[in-house]
Amino acid sequence: MNALISDLLAGGPVLTDGAWGTELQARGLGLGEFPDLWNLTRPSAVAQVAAAYCAAGSQVILTNTFGANRVRLAEQMGAPTPWPAASEPKRDAAATGASALQLDLERDVQAINRKGVEISRGAAAGRARVFASIGPSGKLLLNGDVTAEELSGAFAEQVEALAAAGADALLVESFSDLAETEIAVKAARQTGLPVVASMVFASGKDKDRTLMGATPEQVAAALTRAGVDVLGANCGQGIAGFVPICRRLRAATTLPIWIKANAGLPQVAGGRAHYAATPAAFAAYVPDLVRAGASFIGGCCGTNPEFIAAIGRCLRRS
């Protein structure tokens, strides 16, 4: 087992953090606004989220870099196609508007990711480890929306920036396509940092499959082969559904298990998602998760520092 992961787990299950998007919304992030850009435009608000989770007891906090890959940024900047793969030569920025845009993407990917790590490290101030967040591209390989080479280049660029900025580990999270996950994991492993991979199980009759139909057993087998240090599940559904998923992941691998559930299913009102689960009701499932084999426990969409504090109290009693 990786030394950092081993050290974290020495005292039992590790308390991670909660949601970032909904916490930034609570601080004024507008509908349709790209959260990652706040690293550059509103760093103090981003730091407040990180600091609040540290104050709540998180031993691991994330970074506000979930969508900071060139494929997602290209859409934000109005680029018609993804930026060229890392293997392609850079062109003179003065040559065309398109090449200038590509160089803007390169600059912004570096700046957003580096600043995201810097903010979380500063807020943690040694109280928590910083696991840098890497989200999916938002494109489907199966439909030909993006190529494997484009994804490989995009993730390689992002993880290099995150590692250079001093992240303690890399978290490939909220992925639904196992093929894309494996591409991101391969890029992350090149940095030499510990790698966590977490997928969304919210499809199928029993809500126990990824969007592409993979089961927990299939995901565990594939990600173990891919060389991750920790694997697990996040997002997609409330915490009750994570207990059997955690149990199945635990039975299919010897690796530590990462679990971050939503605060129930959202209800949309006024254009915003609202979650009904309370911190106490959420934390009531923590003993079941520990018995099911969870090694890292936190929250996803709709959870906040109060949820994390409640989980921490429960872990201390167990």
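Below, the structure is looked at part by part. Keep in mind that this is a model prediction, so the values were computed, not measured. (Residues numbered from 1 in each chain as written. Predicted model: local features only at pLDDT ≥ 70, side-chain atom pairs only at ≥ 80, totals over all residues. Heavy atoms only, no water.)

Right, let's talk about the nonpolar core for a bit. Nonpolar side chains tend to gather and get buried jointly when the protein is soluble and globular. F131, L170, L223, W258 and L289 are the most contacted members of the largest nonpolar core, which totals 90 residues. If you look at the next biggest cluster of nonpolar residues, it comprises 7 residues, including F34, L73, L105 and I112. (Core = buried A, V, L, I, M, F, W, Y, C linked by side-chain atoms within 4.5 Å. Buried < 20%, exposed > 50% of the residue type's maximum accessible area, 1.4 Å probe, protein only.)

Here we take up unusual backbone geometry. Despite not being glycine, A125 shows a phi value in the positive range, around 50 degrees. For A125, the position within the fold is in the loop between α6 (97–124) and β3 (129–134). The backbone of K207 shows a phi angle near 55 degrees, a positive value even though the residue is not glycine. On the secondary structure map, K207 appears in the loop between β5 (195–199) and α9 (216–226). (Helix = DSSP H or I, 4+ residues; strand = E, 2+ residues; numbered from the N terminus.)

With that out of the way, let us pick up the pairing of strand β6 (residues 230–238). Counting buried positions over the 9 residues of β6 gives 8, a clear majority of the element. One ladder, built from 4 bridges, connects β5 with β6; its direction is parallel. Across the sheet, the residue bridging to S198 is G232, located in β6. Chirality of the crossover, the property in question, places the unit of β5, α9 and β6 among those that are right-handed. Looking at chain direction, β6 and strand β7 (residues 257–262) are connected through 5 bridges and run parallel. In the sheet register, G232 faces β7, and the bridge partner there is W258. Once the chain exits β6 it traverses helix α10 (residues 242–252) before rejoining the sheet at β7, and the crossover so formed is right-handed. (Pairing = 2+ DSSP bridges. Right-handed = clockwise from strand over helix to strand, strands pointing away.)

Attention shifts here to a nonpolar patch on the surface. A contiguous nonpolar surface patch, about 400 Å² in accessible area, is contributed by L140, L142, L211 and M212. With respect to the helices, strands and loops of the structure, M212 is situated in the loop between β5 and α9. (Patch = residues over 30% accessible without salt bridge, like charges linked within 9 Å, V, L, I, M, F, W, Y side chains within 5 Å. Areas by Shrake-Rupley, 256 points an atom, 1.4 Å probe, with all protein chains shown as cover. Salt bridge = Lys/Arg side-chain N within 4 Å of Asp/Glu carboxyl O.)

What follows covers the packing of aromatic side chains. The full count for this structure, using the stated rule, is 4 aromatic pairs. Between F131 and W258, the ring centres sit 6.0 Å apart and the planes meet at 15 degrees, which makes this aromatic pair stacked. Taken together, the residues span a long stretch of sequence, with F131 in strand β3 and W258 in strand β7 at a distance of 127 residues. What makes F131 buried here is its relative accessible area of 0%. Ring centres of W258 and F296 lie 5.5 Å apart, and the angle between their planes is 35 degrees; on these two criteria the pair is classed as tilted. (Phe/Tyr/Trp six-rings, centres within 6.5 Å; stacked < 30°, edge-to-face > 60°.)

What follows covers the sheet that holds β7. With parallel pairing, the 8 strands of this open sheet are ordered in space as β1-β10-β7-β6-β5-β4-β3-β2. Pairing within the sheet leaves two strands with one partner each, and these edge strands are β1 (14–15) and β2 (60–61). Sheet topology places β2 next to β3; 2 bridges connect them, and they run parallel. When the bridges of β3 are listed, I61 appears paired with V130.

Moving on, we come to the state of the cysteines. Scanning the model with the defined rule gives 0 disulfides in all. Among the cysteines around C235, which has no disulfide bond, C301 carries the closest sulfur, lying 3.7 Å off. The cysteine C314 is free of any disulfide, with C246 supplying the nearest cysteine sulfur at 14 Å. Residue classification places C314 among the buried residues on the basis of a relative accessible area of 8%. (Disulfide = S-S within 2.5 Å.)

Across the interface, α9 lies against α10 with an axial gap of 8 Å and an inter-helix angle of 40 degrees. Put simply, α9 runs oblique to α10. Here the hand of the crossing between α9 and α10 comes out right-handed. Judged by residue contacts, P216, E217 and A220 of α9 engage I245, R248, L249 and A252 from α10. (Axes fitted to C-alpha atoms, helices over the stretch in contact; angles between N-to-C directions. Parallel < 35°, antiparallel > 145°, perpendicular 65-115°, else oblique. Left-handed = near helix turned anticlockwise from the far one by under 90°. Contact = heavy atoms within 4.5 Å.)

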